[in-house]
Amino acid sequence: MALRWRISALVAAAACAVAAAVGVLVHEFSRNRELSQARESARVTLDRAAVTYTRTGEVQGSGAALDAPGLPGDLRDLVEQGRRGTEFTTGPAGPAMWAARPAGSRVLSVRVDLTTTMRDIGALDASIVVAGLITTAVVLPLGVLTAGRMSRRLRTAAGTARRIAAGDLDARITAGPRPRDEIADISTAVDTMAGALQKRLLGEQRFTADVAHELRTPLMGLVTAAELLPEGEAAGYVRDRVRVLGTLVEELLEISRLDAGAEHADMSPCPVGPLVRDVVARSGPATTVVGADETADTDGDADGDGDAGAATVRTDSRRLERILTNLVVNAHRHGRAPVVVTVSGDGRTVTVRDHGPGYPRTLLDDGPQRFRTGARERGTGHGLGLTIALGQAQVIGATLEFGDAPDGGALATLRLPAVPPPAGADPAGPAER
């Protein structure tokens, strides 16, 4: 149940509880007061009747009776013991207060009818119930309104926190200062935390970019020096390490550009099938493509290559190629053959799957992390390939999901956005001249 409705239910329950408590207290106070007054009146009338009976031997006109047939049995037993007393009864004749005392060998009693009094108390109870319902009807909307405002403010804070967690470091709640307001305190704390986190992350990003830029100059010197080495096993090893170092520096620079938001997509029509086949062709024979050639050949040629009829999407082909290359290379480096690349019929979904141990749990839970490859059995690496692939997917508006196939192996799923063509545009593109 949402916080708004829980607070509303609590307000309603509190209002009903207060109304019930007040009603019970008023009822008991009114009833006890009326019974006390009736008891005192019955005693006074009984004492006057006893004086009259002692003087005249009669009780006519005194409001009392001798040996009244309706006298309660408990009160009669008390009088037979030589004592006097009172008792409230609710018999067939209606509610009444009895008072009795000994009168020689007889019982002198007085009955005060309380039918009207109890009816008035009942009317008072009904009025209390109506007042409680009216109070609840007035208080409940106010409680719902207040709870709704609190709930909206908390939802705003939670939504901003989720945006910050998703990478929007500029998101702020910007709650105004409110003294003794806990929600405002939470909002201010979230904004302060976001600011500190943003400052720290920006510092780390600047450090990464600065290091990568500073490494380029000595790296170029290393490349030149490596090329001047005489041919041999040592020279080959040095050139290989220099090449690895150069790739690492370029990836760091690419990541720094992605972090800074300096990358922008150049959207254009792109046939997904041929692009996938080109990526796979460079990866080696251990990669299988499924679905890239299954579309019909609509260009009327006889070669059956299907390129003209291949699914075309509007995206940045260079960045899409970078994403797929990183996914395939990661599958070969950290998984086991065969690596299978599957393209959906509309070309908007591409999956890359290997038959290795699968992605580590930390990657599935937290996503790709730079300089972290996860499980040891996944092999060695810098952990930058998937990070770059995820960043480039965000640039082109695609989603990249990582999981494990049901029968084993790592499974990466790239979903390209469905961008509708401009109004009035020819889906087949302009005619050739």
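Reading the values: rules and limits
- Along each chain, residue indices are assigned from 1 in the same order as the chain's sequence is written.
- Per-residue local features are limited, in this predicted model, to residues with pLDDT of at least 70; the limit for side-chain atom pairs, both in listing and counting, is 80 or more; totals at the level of whole chains, interfaces and linings are taken over all residues.
- Side-chain metrics rest on all non-hydrogen atoms present in the structure, leaving aside hydrogens and water.
- The patches reported here contain residues having more than 30% relative accessible area and no salt bridge. Joining distances are 9 Å for like charges and 5 Å for nonpolar side chains (Val, Leu, Ile, Met, Phe, Trp, Tyr).
- To measure how exposed things are, a 1.4 Å probe is used in the Shrake-Rupley method; for residues, cover is taken only from the protein chains shown.
- For this document, the term salt bridge refers to a Lys or Arg side-chain nitrogen within 4 Å of an Asp or Glu carboxyl oxygen.
- Residue burial is assigned from relative accessible area. The probe radius is 1.4 Å, only protein chains are included, and a residue is buried under 20% of its type maximum, exposed over 50%, and partly exposed in between.
- The numbering of helices and of strands both runs from the N terminus, where a helix is a DSSP run of H or I of at least 4 residues and a strand a run of E of at least 2.
- Whether two strands pair comes down to DSSP finding at least two bridges between them.
- In summary, the charge assignment counts Lys and Arg as positive and Asp and Glu as negative, without counting His or the chain termini.
- Here, residues are in contact when the closest pair of their heavy atoms is within 4.5 Å.
- Orientation is described by axes fitted as lines to C-alpha atoms, over the contacting stretch for helices, and by angles from 0 to 180 degrees between their N-to-C directions.
- Roughly parallel here means an angle under 35 degrees, roughly antiparallel means over 145, roughly perpendicular means 65 to 115, and every remaining angle is called oblique.
- We call a crossing left-handed when the near helix sits turned anticlockwise from the far one by less than a right angle, and right-handed when that turn is clockwise.
- Classification used: nonpolar for Ala, Val, Leu, Ile, Met, Phe, Trp, Tyr, Cys and Pro, charged for Asp, Glu, Lys and Arg, polar for all others including Gly.

**Student:** A description of a nonpolar patch on the surface should follow, citing residues and the corresponding values.
**Tutor:** Side chains of Val130, Ile134, Val138, Val139 and Leu142 sit close together on the surface and give an oily, nonpolar patch of about 420 Å² of accessible area. On the accessibility criterion, Val130 (45% relative accessible area) is partly exposed.

**Student:** So what about the pairing of strand S9 (residues 349-353)? Which residues, and what values?
**Tutor:** With four of its five residues buried, S9 lies for the most part within the structure. Here four bridges tie strand S8 (residues 339-343) to S9, and the two strands are oriented antiparallel to one another. Counterpart to Thr342 in the pairing with S9 is Thr351. Where S8 folds back on S9, the antiparallel hairpin that results is connected by five residues, among which Gly347 adopts a positive phi of roughly 75°.

**Student:** Summarise the side chain of Asp191; cite the residues concerned and give the values.
**Tutor:** Mapped onto the secondary structure, Asp191 falls in helix H4 (residues 182-228). One buried charged residue, Asp191, remains without a salt bridge, the closest side chain of opposite sign being Arg172 at 5.0 Å. When residues no more than four places from it in sequence are discounted, the contact partners of Asp191 are Arg172, Ile173, Thr174 and Ala175.

**Student:** Quick one: what's the story with the packing of helix H1 (residues 3-56) against helix H3 (residues 115-165), residue by residue and with numbers?
**Tutor:** Across the interface, H1 lies against H3 with an axial gap of 7 Å and an inter-helix angle of 160°. Classified by the angle between their axes, H1 and H3 sit roughly antiparallel to one another. H1 and H3 meet at a crossing whose hand is right-handed. A per-class count over the contact of H1 with H3 returns 20 nonpolar, ten polar and four charged.

**Student:** An account of the sheet that holds strand S4 (residues 106-113) is requested, with residue identities and associated values reported.
**Tutor:** To summarise the sheet geometry, strands pair through backbone hydrogen bonds and adopt either a parallel or an antiparallel arrangement. Read across the open sheet, the four strands follow the order S1-S4-S3-S2; overall the sheet is antiparallel. Only two strands of the sheet have a single partner each, and these edge strands are strand S1 (64-66) and strand S2 (85-91). Neighbour-to-neighbour, the strand axes of the sheet open up by a mean angle of 30°, direction not taken into account. Summarising the sheet, strand S3 (residues 94-103) and S4 pair through eight bridges and their orientation is antiparallel. When the bridges of S4 are listed, Ala103 appears paired with Arg106. Set on the sheet, H1 makes contact with S1, S2, S3 and S4; between it and S3 the angle comes to about 35°.

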